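Secondary and tertiary structure notes
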Amino acid sequence: ESGCIVAALGSDMGRLPQTSRAQFAARLDEIVALLATLLPEGGTAAIRHERAAQLYAMLSGVLQMARLSKDQDTTRISLAGAVHHALIFARADWD
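Conventions used here
Residues numbered from 1 in each chain as written. Predicted model: local features only at pLDDT ≥ 70, side-chain atom pairs only at ≥ 80, totals over all residues. Heavy atoms only, no water. Helix = DSSP H or I, 4+ residues; strand = E, 2+ residues; numbered from the N terminus. Polar contact = N/O pair within 3.5 Å; in protein donor to acceptor, adjacent residues only side chain to side chain. Contact = heavy atoms within 4.5 Å. Salt bridge = Lys/Arg side-chain N within 4 Å of Asp/Glu carboxyl O. Expected span 1.5 Å × (residues − 1). Buried < 20%, exposed > 50% of the residue type's maximum accessible area, 1.4 Å probe, protein only. Arc of directions from axis to C-beta.

Time to look at the side chain of R51. Assignment of secondary structure puts R51 in helix α3 (residues 45-68). Within polar-contact distance, the side chain of R51 engages the backbone oxygen of F89 at 3.4 Å. Among residues more than four places away in sequence, those in contact with R51 are L39, F89, A90, R91, A92, D93 and W94.

Below, the structure is given as structure tokens:
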């Protein structure tokens, strides 16, 4: 019940039946919608959703990279950098 489903299963989704992909996409939409509610106030609903989707893509991507890396220092640096830049992006002005 913990972890990132996109980082764990995202690369396998294309090989699964359409019904499985639809369920995965629906759950992903729920996660992005929740993330959008956690962003600072401002922006339209569409822009908040877009930013939340971009943040989730950024963070799930770095998790996938971290899982592949054999170098713990590189993994730590990558994760810390991604979190740092995700927070900057999340707090950016809405214009």
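This model, assessed by the stated rule, comprises two salt bridges. Between D73 and R76 there is a salt bridge; the shortest N-O distance is 3.8 Å. On the criterion of helical spacing, the pair formed by D73 and R76 is a turn pair, its members being three residues apart in helix α4 (residues 72-90).

In this model, helix α2 (residues 18-38) (21 residues) spans 30 Å end to end at C-alpha, consistent with the 30 Å of a helix rising 1.5 Å per residue. All of the buried residues along α2 are F24, V32 and A36. Taken down its axis, α2 places every buried residue within 115° of arc, on the same side. Pointing more than 90 degrees away from the buried face of α2 are the exposed residues T19, Q23, L34, T37 and L38. The inward-facing, buried residues of α2 abut α1 (5-9) and α3.

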